[in-house]
Amino acid sequence: MKSADFDQLNHRGEGRFPPLLLNFRTISRKIASATFFFCALFVVATVLSIVVMLGVKAVPFLNRVGVWTFLTGTEWKPLRGHFGIAPMIAGTAYVTLGALILGGPLGLGVAVFLAELAPSRIKEILNPLIDLLAGIPSVVYGFYGITVIVPWIRRIFGGPGFSVLAASVVLGVMILPTIVNVAREAIAAVPDDYREGSLALGASRWQTIFGVVLPAARSGIIAAIILGLGRAFGETMAVVMVAGNMVAFPKSILEPTRTLTSNVVLEMGYATGDHQAALFATGFVLLLFILTLNLASHWLTKKGVS
Amino acid sequence: MSEEKIKIEVRNLNLFYGTFQALRDISLQIPEKRITAIIGPSGCGKSSFLRTLNRLHDLIPGAVVKGEVILDGRNIYTDSVDVVELRKRVGMVFQRPCAFPMSVYDNVAYGPRLHGVRRKRQLDEIVEKSLKMANLWEEVKDRLHERAQNLSGGQQQRLVIARVLAVNPEVILMDEPASALDPISTARLEELIIELKKNYTIVIVTHNLQQAARVSDYTAFLLNGELVEVGRTQEIFVNPKDKRTEDYITGRFG
Amino acid sequence: MRKEIDAFLTAIVVMGSLLVVGILIAIVTQVVVLGLPEISWEFLATEAAAGGKTGGILNSIVATLLITFIGILIAAPLGVGSAVYLEEYSTSNRLNGIITMSVETMAGIPSIVYGLFGLVFFVIMLGWGWSILAGGCTLALMALPLIMRTSQEAIRAVSNEYRENSMALGASREQTLFRLVLPAAFPGILSGIVLSVGRIAGETAAVLLTAGSALGIPRSLFDTARPLPVHLYILASEGISMSKAYGTALVLIVLVLVFNFCVYRLRKILS
Ligand SMILES: Nc1ncnc2c1ncn2[C@@H]1O[C@H](COP(=O)(O)OP(=O)(O)O)[C@@H](O)[C@H]1O
Ligand SMILES: [Mg+2]
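In this text the structure is predicted, and so the values were computed from the model without any measurement.

**Quick notes on the overall build of chain C**
In step 1: For chain C, the count of helices and strands is 11 helices and 2 strands.
In step 2: Going residue by residue from the N terminus, the α and β elements of chain C occur as α-α-β-β-α-α-α-α-α-α-α-α-α.
In step 3: With the C-alpha coordinates aligned to their principal axes, the bounding extent of chain C is approximately 70 × 65 × 35 Å.
In step 4: Within chain C, the fraction of its 271 residues that count as buried is 57%.
In step 5: The long-range fraction of contacts in chain C, counting pairs at least 24 apart against all pairs at least 6 apart in sequence, stands at 72%.
In step 6: Total accessible area on chain C stands at roughly 10600 Å², and carbon and sulfur atoms take up 69% of it.
In step 7: Considering chain C, the positive charge centre built from 16 side chains and the negative charge centre built from 15 side chains are found 2 Å apart.

Dropping the structure here:
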């Protein structure tokens, strides 16, 4: 119903309507379409201004310090002018990887169960629960981490408990809904012909799933993993609460670590000058990385459709 | 047709969807307070033709109309015609019954409210009158405030007709109005259509030849976007002039 | 043998699903069981004192309500408006692509980045300082993509037959939109709005950077405040009071459950 404007032919006319009314109609139409157009532009403008605003804060600083030094420097001593975020990059990489190792297979398993095996009554219960899991605020996950996960790790493995492992466990749970929902949709979108064809050849249910269904849903599943990765990567509060936040390269998964996001939220409250600029630059790096991830998953889902 | 008063005169009408020409040089006259049926195999342009009569093609990007449609002496395809006013005068009933997702009452009051009727008493009157004219009042008078989508298909189609009647049109266009209905609902609808003829000019598209024969006074036969033949229904069915009309009516193709 | 392997694999995914449900139940029960003893009229209706060690969470409840309300008040019209533009007005595929791409991007941006943007723009550039208003505006941006996407789906689900029928009765495009399309899409749009209320009411990082964390009931929109999630974060991570933290967490969880339940009901109505 996107229409060539059907009223425009008669905006000069008299018809059986007095001209005043006609003008009123034309004007209200113009106002309405302009308003909706403005709303849509606002969205585009927001994305652009987020990039520009962070860029304006970050780029001069990065130019001065040097991008390479910033990314690979191992010393983060803001008060002495050392701004190297390599330890935080490592921390982010560790906890994100840990989250994917724990949450990825579990999420995919649940997605397969929901899309291929579960009777509809179970689906009706399970789906809202998954949505609920997505709705729990990250600070509550962090709180659960502090009160349950961290003490567990301390008791079982020793050490401080606040660790890469604790953060990975919490994040692993937090990315489940994303992975389950995206992967489930990808699997459900595989046409039934594929399954029937395989079953007709004598393949068992799981041979069909591994041999036909999952390969057919491949790009959607990869997109699910990428989106889960993005979620873990960008998560802040839950990680801050359980990771211990020490700026150092962790030597084992039982040692504390600090991620890029944690660094921003921990220090932004009191940072000034170059220190503040360094934190904005950290945010800018985060943003660019997320934009790249989004492009990748966008490209993959597009590919999955065609 | 010379003895009839002409309500709509179509002159050299052509319709294009982009580069595809859906109607070719159609000229015909639609007499007032009569039922004119448009028949033809599917895809021949029946719906397209009907939609030129209330300028519904204005909504489709790329659709271009050339030629004249003269309603009461005035070409509706000129700048000075108010499309809203035109559509009030030329109402339309579509193939699938489409009750709006609101109450029965609000469905019928939808048009009058659009056109500025606000007073409750007046709306009540219009709703009752329209539902009565559509032979639906007795069935729904106690459920006016229930959701219209709970009505049966046949009731919904009559509701749509009541909704059209409520804006007080002069011409009613119907695009295969019975194609989604069961035989009993179809019979009731045909009865209603014949009754409406007293006050309204009706143009009905149908792929059901018996239906055209039963209800219409005049019949036009379209084929591949061209008007093959038009005339009194009896003559078209009993004594068609064109070989293609005869073939179609005797079921030899289409 | 094949049968056994199949049964084994099925058992694994069933156990995985049970594990996920178990995790959810564990989190919720932990918070409910340990939080419930904290909940009292006094806890809900008095302000926090001594940095949160004593007193209640009234100031945080007020802050959360205000910030969420501002966020939705801004995000809902913008989100629905842009959805309407995309579905009903836009004729250019190119522009459509750009807008859709922007929304997808916005949905993926982490909350901390929104927080940084809010800090630069609302707090510093516009000079609002750490405030309810800056926090609300930041949350509005975060809610926008979700509201927009759900509204778009709801509007798209309204059949074109309605539009044709309405136009054929002499309605203009705007009349059709306001009297028919939007009312028909309303439950879907509402469920998106309620869903994002639940999301932004629980947001912490972005609010911490834009609304600050001061105690006290905010007196104006330019006051800094400490919404529930920030309060929970500070109580728990600084070890101020675990029992108060459980009470706060319970209130937050209940909020989320209520909103999710509303969405669930709305979706039921829809189908
Ligand atoms: N919106 C449109 N765009 C392009 N072609 C169309 C459109 N609507 C109908 N057509 C084409 O015009 C021809 C006539 O269609 P239609 O009027 O619906 O036929 P009928 O109602 O007789 O079955 C068909 O070939 C159809 O494919
Ligand atoms: Mg047709």
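**A look at the confidence of the model for chain C**
Residue and element names in this part refer to chain C.
In step 1: When pLDDT is averaged along chain C, the result is 89; 100% of the residues meet or exceed 70.
In step 2: Looking at the elements of chain C, mean pLDDT is at its lowest for strand 1 (residues 48–49), recorded as 76, and at its highest for helix 6 (residues 132–156), recorded as 94.
In step 3: For this predicted complex, the interface score ipTM comes out at 0.90, while the overall pTM is 0.86.

**Comments concerning the state of the cysteines**
In step 1: Applying the stated criterion across every chain yields a total of 0 disulfides over all chains.
In step 2: Cys39(A) forms no disulfide, and the closest cysteine sulfur to it belongs to Cys137(C), at a distance of 15 Å.
In step 3: The class of Cys39(A) is buried, set by a relative accessible area of 7%.
In step 4: Classification of Cys137(C) by relative accessible area gives buried; the value is 11%.

**Thoughts on the site of ligand 1**
All names here are of chain B.
In step 1: Around ligand 1, the surrounding shell consists of Tyr-17, Phe-20, Ala-22, Ser-42, Gly-43, Cys-44, Gly-45, Lys-46, Ser-47, Ser-48 and Ile-60.
In step 2: Separating a nitrogen atom of ligand 1 from a side-chain N or O atom of Tyr-17 is a distance of 3.4 Å.
In step 3: Within the side chain of Ser-47, a nitrogen or oxygen atom sits 2.6 Å from an oxygen atom of ligand 1.
In step 4: Expressed as a share of its isolated accessible area of 550 Å², the protein-covered part of ligand 1 is 60%.
In step 5: Taken together, the elements giving at least two residues each to the shell around ligand 1 come down to strand 2 (20–31) and helix 1 (46–52).
In step 6: Looking at the shell around ligand 1 residue by residue, the classes come out as 5 nonpolar, 5 polar and 1 charged.

**Notes on the side chain of Arg163(C)**
Residues and elements named next belong to chain C.
In step 1: As for its position among the elements, Arg-163 is in helix 7 (residues 160–168).
In step 2: You can call Arg-163 buried: its relative accessible area is 5%.
In step 3: A distance of 2.6 Å separates polar atoms of two side chains, one belonging to Arg-163 and the other to Glu-88.

**Quick word on the confidence of the model for chain B**
In step 1: Within chain B, residue pLDDT values average 89, and 98% of them lie at 70 or more.
In step 2: Averaged over each element, pLDDT in chain B is lowest for helix 10 (residues 243–249) of chain B (87) and highest for strand 8 (residues 201–205) of chain B (94).

**Looking at the interface of chain A and chain C**
In step 1: Tallying the contact residues gives 80 residues for chain A and 87 residues for chain C.
In step 2: The interface formed by chain A and chain C contains 0 salt bridges.
In step 3: In this structure, the connection of chain A to chain C is made through 5 residue pairs in polar contact (both at pLDDT 80 or more).
In step 4: If you list the elements that add at least two residues to the side of chain A that touches chain C, you get helix 1 (19–65), helix 3 (86–117), helix 4 (120–135), helix 5 (138–157), helix 9 (205–216), helix 11 (237–242), helix 12 (260–267) and helix 13 (273–305) of chain A.
In step 5: No other element matches the 18 residues that helix 1 of chain A contributes to the side of chain A that touches chain C.

**Structural notes on a nonpolar patch on the surface**
In step 1: A surface patch of nonpolar side chains, amounting to about 300 Å² of accessible area, comprises Leu97(A), Ile101(A) and Leu102(A).
In step 2: Topologically, Leu102(A) is positioned in helix 3.

About the criteria used
Residues numbered from 1 in each chain as written. Chains lettered and ligands numbered in written order. Predicted model: local features only at pLDDT ≥ 70, side-chain atom pairs only at ≥ 80, totals over all residues. Heavy atoms only, no water. Helix = DSSP H or I, 4+ residues; strand = E, 2+ residues; numbered from the N terminus. Buried < 20%, exposed > 50% of the residue type's maximum accessible area, 1.4 Å probe, protein only. Contact = heavy atoms within 4.5 Å. Areas by Shrake-Rupley, 256 points an atom, 1.4 Å probe, with all protein chains shown as cover. Lys, Arg positive; Asp, Glu negative; His and termini not counted. Charge placed at Lys NZ, Arg CZ, Asp CG, Glu CD. pLDDT = per-residue confidence, 0-100. Disulfide = S-S within 2.5 Å. Near = heavy atom within 4 Å. Polar contact = N/O pair within 3.5 Å; in protein donor to acceptor, adjacent residues only side chain to side chain. Nonpolar A, V, L, I, M, F, W, Y, C, P; charged D, E, K, R; others polar. Salt bridge = Lys/Arg side-chain N within 4 Å of Asp/Glu carboxyl O. Patch = residues over 30% accessible without salt bridge, like charges linked within 9 Å, V, L, I, M, F, W, Y side chains within 5 Å.

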